[in-house]
Amino acid sequence: MCDHQATLDAIRSGPVNAVVADAPKDPQERANHLKAFGYFADAADVGVCLLSPDLTLPQAFTNPDVARLVRDLQTRQTKTFAAGIDSTLADLKESVTAPPTSIAAHTHALVLLYENPRTPEADEVGGRWIRDAQSHRAGLLAAETAIVLANYLRLLGYDARGHTVSNSDVDLGRLAAAAGLATLEDGRLLHPYIGDRFGLAAVTTTFVLAPDKPLVPRPAQPKSAFGPAWWFGTASAKTAATAVPFAKRRFVDGAHPFETLKRVDTPTTYIDEARVARVPKRADMFARAQFGDMGKKVQDGAKGGQYIRRAAPSMAQRRALAAFSLLQDGAIATEKARLDPQEAADLIKATSYWLGADAVGLSRCPDWVWYSHDARGELIDPPHDHAINMIIDQGRETMEGSSGDDWIAVAQSMRAYLRFSLLGGVIARQIRNLGYEAKAHTVMDGEVLQPPLLLLSGLGEVSRIGEVILNPFLGPRLKSGTITTDLPLAHDKPIDFGLQRFCESCNKCARECPSGAITAGPKLMFNGYEIWKSDSQKCATYRITTSGGAMCGRCMKTCPWNLEGLFKERPFRWAAMTVPKLAPALARLDDAVDNGTLNPVKKWWWDLEIEEDGGYRPTRNPPNQRALQKDLDLKYEDQTLAVYPAPLAPPPAPYPFPMDREAGITAYRALITPEEYKARLARGDESAVHRYEAASDSPVIQVEIIRAERSAEHVMIYEFAPVEGGLLPEWSAGAHLDIVVAPEFMRQYSMCGDPADRTKYQIAVLREADGRGGSQLLHRIFSVRRRVFISRPINHFPLDPGATRSILMAGGIGITPMVAMAHELHAQGQPFELHYSGRSRASMALLDEIAGSPWADAVQLHISDEGRRADLNALLPRYQLGWHLYTCGGASYMASVLQAAGCAGYPEDACHSEYFSVPEQPDYVNHAFALKLTRSGKLLSVPAERSATDVLRENGVAIDVKCSDGICGVCKCGLVSGEVEHRDFVLSKAQRETSVILCQSRAAQEGGVVEVDL
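Residues numbered from 1 in each chain as written. Predicted model: local features only at pLDDT ≥ 70, side-chain atom pairs only at ≥ 80, totals over all residues. Heavy atoms only, no water.

Short version of the rule: UniProt positions are given in the numbering used here, feature names are shortened, and annotations may be inferred rather than shown by experiment.
If you check an unreviewed UniProt entry, the protein chain appears there as Oxidoreductase, NAD-binding/iron-sulfur cluster-binding protein from Roseobacter cerasinus. Entered under Cofactor (unreviewed entry) in the UniProt record, the comment concerning the protein chain runs "FMN". As recorded by UniProt, the Subcellular location (unreviewed entry) comment attached to the protein chain reads in full: "Cell envelope".

Section: the packing of aromatic side chains
Put simply, the rule is: Two aromatic rings, drawn from Phe, Tyr or Trp (for Trp, its six-membered ring), form a pair once their centres lie within 6.5 Å of each other, and the interplanar angle then sorts them: stacked below 30 degrees, edge-to-face above 60, tilted otherwise. Here a strand is any run of E in DSSP of at least two residues, a helix any run of H or I of at least four, and the numbering for each starts at the N terminus. Exposure classes here rest on a 1.4 Å probe applied to the protein chains alone. A residue is buried below 20% of its type maximum, exposed above 50%, and partly exposed in between.
Scanning the entire structure with this criterion turns up 20 aromatic pairs. Measuring from ring centre to ring centre gives 4.7 Å for Tyr158 and Phe207, while their planes differ by 70°; the resulting arrangement is edge-to-face. Placement of the pair is Tyr158 in the loop between α5 (134-155) and β4 (160-163) and Phe207 in the loop between β8 (198-205) and α7 (228-232), with a sequence separation of 49 residues. Relative accessible area serves as the criterion here: at 14%, Tyr158 is assigned to the buried category. With 6.4 Å between their ring centres and 80° between their planes, Trp731 and Tyr761 make a pair best called edge-to-face.

Things to note about the packing of helix α11 (residues 312-324) against helix α14 (residues 409-433)
Stated precisely, the cut-off is as follows: Lines fitted to C-alpha atoms define the axes here, with helix axes fitted over just the stretch in contact, and angles between the N-to-C directions of these axes take values from 0 to 180 degrees. Put simply, angles under 35 degrees are roughly parallel, angles over 145 are roughly antiparallel, angles from 65 to 115 are roughly perpendicular, and the rest are oblique. For any helix crossing, the convention is left-handed if the near helix is rotated counterclockwise from the far helix by under a right angle, and right-handed if that rotation is clockwise. Residue contacts are counted whenever heavy atoms from the two residues lie within 4.5 Å of one another. In this classification, Asp, Glu, Lys and Arg are treated as charged, Ala, Val, Leu, Ile, Met, Phe, Trp, Tyr, Cys and Pro as nonpolar, and every other residue, Gly included, as polar.
Put simply, α11 and α14 touch, their axes get as near as 9 Å, and they point 20° apart. By the angle between their axes, α11 is roughly parallel relative to α14. Where α11 crosses over α14, the handedness of that crossing is left-handed. Counted together, Pro313, Ser314, Gln317, Arg318, Ala320, Leu321 and Phe324 of α11 and Val410, Ala411, Met414, Arg415, Tyr417, Leu418, Ser421 and Leu422 of α14 form the full contact between these two elements. Classifying every residue of the contact of α11 with α14 gives 10 nonpolar, 3 polar and 2 charged.

Re the UniProt feature "domain: FAD-binding FR-type" (unreviewed entry) in the protein chain
Within the UniProt annotation, "domain: FAD-binding FR-type" (unreviewed entry) is assigned to residues 698-800. Annotated as residues 698-800, this span is 8% helix and 44% strand, and its ends, taken at the C-alpha atoms, are 30 Å apart.

Looking at the side chain of Gln639
We apply this condition: Here a polar contact means two N or O atoms within 3.5 Å. Within protein one must be a hydrogen donor candidate and the other an acceptor candidate, and residues neighboring in sequence count only if both atoms are side-chain atoms.
With respect to the element layout, Gln639 can be found in the loop between β18 (616-618) and α22 (661-669). Take Gln639: its relative accessible area is 15%, and that puts it in the buried class. Polar side-chain contacts of Gln639 include one of 2.9 Å to the backbone oxygen of Ile518. What Gln639 contacts, discounting residues up to four positions off in sequence, is Gly516, Ile518, Thr519, Ala520, Gly521 and Leu634.

Side note on the environment of Met525
Inspection of the secondary structure assignment puts Met525 in strand β15 (residues 524-526). Ignoring anything within four residues of it in the chain, the contact list for Met525 reads Tyr270, Glu530, Leu671, Ile672, Thr673, Pro674, Tyr677 and His690.

As for the nonpolar core
A general feature of soluble globular proteins is that nonpolar side chains tend to end up buried together. Spelled out, the test is: As used in this record, nonpolar core signifies buried Ala, Val, Leu, Ile, Met, Phe, Trp, Tyr and Cys residues forming a set joined through side-chain atoms within 4.5 Å. An automatic or database domain assignment supplies the start and end points of every domain.
Counting 180 residues, the largest nonpolar core has Leu156, Ile348, Ile388, Ile483, Trp561 and Tyr616 as the members making the most contacts within it. Of the residues that make up this core, three or more belong to each of domain 1 (1-215) and domain 2 (260-641 + 656-683). By size, the runner-up hydrophobic cluster in this structure holds 58 residues, among which are Ile717, Leu728, Cys752 and Met821.

Topic: the sheet that holds strand β1 (residues 45-50)
Quick reminder of the rule: Each pair of strands is called paired provided DSSP finds at least two bridges between the two strands.
A sheet is described by the order of its strands in space; here 4 strands give the open sequence β1-β3-β8-β4, paired in antiparallel fashion. Taken across any chain shown, the strands that pair with only one partner, and hence form the sheet edges, are β1 and β4. This sheet shows a mean twist of 20° between the axes of neighbouring strands, independent of strand direction. Of the pairings in the sheet, the one linking β1 to strand β3 (residues 108-115) comprises 6 bridges and is antiparallel in character. Within the sheet, the bridge partner assigned to Leu50 lies in β3 and is His108. Seen against the sheet, helix α2 (residues 27-40) touches β1 and β3 and runs at an angle of roughly 145° to β1. The sheet strands contacting α5 are β3, β4 and β8, and the helix crosses β8 at an angle near 15°.

A few points about helix α1 (residues 2-10)
In terms of burial, α1 is largely enclosed, as 8 of its 9 residues are buried. What α1 keeps buried is the set Asp3, His4, Gln5, Ala6, Thr7, Leu8, Asp9 and Ala10.

Side note on the side chain of Asn17
Of note, Asn17 is situated in the loop between α1 and α2. According to the relative accessible area criterion, Asn17 is buried, its value standing at 18%. A polar contact is formed between the side chain of Asn17 and the backbone nitrogen of Val19, at a distance of 3.0 Å. A polar contact of 2.9 Å, which involves the side chain of Asn17, links it to the backbone oxygen of Leu155. Apart from residues no more than four positions distant in its own chain, Asn17 is found in contact with Arg154, Leu155, Gly157, Gly614, Gly615 and Tyr616.

Topic: the pattern of salt bridges
Let me state the cut-off plainly: Basic side-chain nitrogens of Lys or Arg form a salt bridge, by our definition, when they fall within 4 Å of a carboxyl oxygen of Asp or Glu.
Scanning the entire structure with this criterion turns up 66 salt bridges. Between Asp594 and Lys630 there is a salt bridge whose closest N-O contact spans 2.4 Å. Of the two residues, Asp594 is situated in the loop between α21 (583-592) and β17 (608-610) and Lys630 in the loop between β18 and α22; the sequence distance between them amounts to 36 residues. A relative accessible area of 35% means that Asp594 is categorised as partly exposed. Several salt bridges converge on common partners, so that one network encompasses Arg310, Glu609, Glu611, Asp613, Arg617 and Arg620.

Comments concerning the domain arrangement of the protein chain
Splitting the protein chain by domain gives domain 1 (1-215), domain 2 (260-641 + 656-683), domain 3 (700-794), domain 4 (805-914) and domain 5 (929-1012). The C-alpha-based centres of domain 3 and domain 5 are spaced at 30 Å.

Digging into α14
Note the following rule: One fewer than the residue count of a helix, multiplied by 1.5 Å, yields its expected span.
Across its 25 residues, α14 extends 36 Å between first and last C-alpha, which sits within 8% of the 36 Å expected from 1.5 Å per residue. In terms of burial, α14 is a largely internal element, 22 of the 25 residues being buried. Count one or two residues on from α14 and you reach Gly435, which has phi positive near 95°.

Here it is as structure tokens:
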């Protein structure tokens, strides 16, 4: 547990949002809100007190392990597609290296008390690892929540710091007493109901809260506090009988009676193990969203983890989750312990349940549960053959107050993901300490498909919801995580609790799904699995872009097995599991008693949404608050669903690959039932088997940063070398690279090195404060030894080989392609001159490289603050036949250069330009128009609010798109006919006669028809 404790301690402070949230001002409402957040995170008790000087320590104590973890945080690079992971880790790196700050301005403290279960027995099965670790356990869990809540308050614009048992500026015991959580009696700090079975953490803050009063000692408490209401549970969720967790159960058995379930040899749904299709990690829908495969709107919703950032509670949780991703794997002890498989299984289960897992199952980990390729596009050779699978409850009380797709939905997911990341990481580290390999596979970075592992380990059955495995005691309200290992383990068997029969009789989840993604039809075969296959594209699109909430779990909320009402009663659970004929009646009864509706008493969160300035304010749109659609008669034949089986999966490389929804719809219609699938196999017909074939050629190259140096104000030079050594592909001056800064940030940067040097590529990047975020993120995360993916060089700005003289005109960062042009022209012995304009020497990149070049005498610097601003009309010589002019820089600079060139007689075809950003546009009015495709004869309608490229991709027509601004030229297409309003900054007047840039240009008239060569 030490590494995870140190990681939390390392991030207990951090930057405060400059924009203060528009949150409630009433101190009591604020206190109630933060207490509820603590209870949502499983705190046993939460209190508030004023932070008086006597509650602070004369000298803060620190965790000595933090320094080592900080080094890891600064140097390690994750291998994941997790949305926003790079910016989150950059935030963490900056905060852990920031100078220490004081809590002198903090006025209030929120104190968290976490309860331990009973003390393990000396001879308890599986108890050897957890003896004498109670205080560390409770302290660790309390620290997790303190760090999350401190980050939450900082996101709201208030300074806050977490204080833990291993790193604190305050006296936690005295705080607990002041906040009314405990009293000091006979030298022991005691909680009135828990005794001393607890650990503490706290948050100090400038956020004003209503304080609680201290408790009087236990002997002075009224007898009613421990009377019938306590014994029978009429005033609280806990009772005297249930006060001590695991009081009457062994840790190894878990809190739920899993021993009562029916075990079977194989899962209740068919898996064609020999033919399961392994697909790449790149096929994950949220990865596809980030890369833009599902369109710009979805990509914008995923950019930087926006669907998580939109709600402050989930973003607060994500910070710790990102930090834990660095601990999923690690070094292995040199000496290997010897454990019997059953002993190892007992130790792992007992420890996992003791830590707080809700369900644990052990299984084999066959090759077919692994992705085929990892996030880098590298082939995965499955390293482990055993799996430890855990289920974490998302929180029943909070889900009862939620619609399932409102502003707390994403935090419910993050709560469970964070808890597994902590518990799974601790178990994996313990196994590595024994000398065995072990990796925790979390939502941030996982290389196995968890649903089949949950089936194999007896943690649930396939449900109508689709990829969601339903547990008989938690229903679908869960998140899972897996630890893979080579430690030999005794395995659990799959379970059968009658869910297949029940789901066949109930389609409530499909009826209530706001995106219409869940099928009302039968189970079908997909990639070798029998499953009620949902439309994952619809589901992901809604979860990322919904305007009335953040993410969605409405299927979980409304499922009769959610255990909020009907099925929490044993008789009804028994009936659903053992009497199949009752399933339709039970499903109707679930509707009749309004299970799945909102319980406003349980709502504790604030409906705040992030705005463009980074501040959290009341939501712009009404929160999703839905009644049950009892009158909706959903029919399978009326649904239009799409699936993307292995043959439609993207290549493994981290690069955009647009989804073809028409092909997905066709693929869904081609799915067949397990019975038909087996019958075909028996006849030797494998036409329905889904297989994945990875593309042989990758569109990207993996390189390593070998140089990252400041070149000018806000400009960095980066050099890349091939990871595998050797030479990089050939390139010519004017070329650029597509650089995958992050999955959602693919940016184009001009190459500025010498084309003759293929041992490395070089770019110079200006950090644009008002840009779209790509250059800012690049500056934060690109450092020496980082591996990145780049395209092969692409050239839309080449030198004219027939030029008799070349005039190179660079403004600001526009110098980058000009340096490469100068190298190439000098090597060819061609005459040229380079004019480089800038505000000041300090702002001008590559001056040292230019000064040290063999062609430096061909360069003239025009520096404004030295009185040498370029007079373009005087500077440019009169045009002579064969001369060519090239310009790159800011829009106004290039407009001036081209105007001066026109005055000097340069024809349009002798002038070449490259834009880095979109120049100021006229006030265009978008009209709907039609796009005719010559090759297929299709006529596609392009609405006023959509681009031609959007419509083409939605209709399965492959077309490359990068900038979407009309400046890169990638989406250029042949123009056959039609009057076009050209809105690009690529094509010359002559080129516009035969070509069109489809991401921006449209028909000139409303209702016009533009015919293109597609």
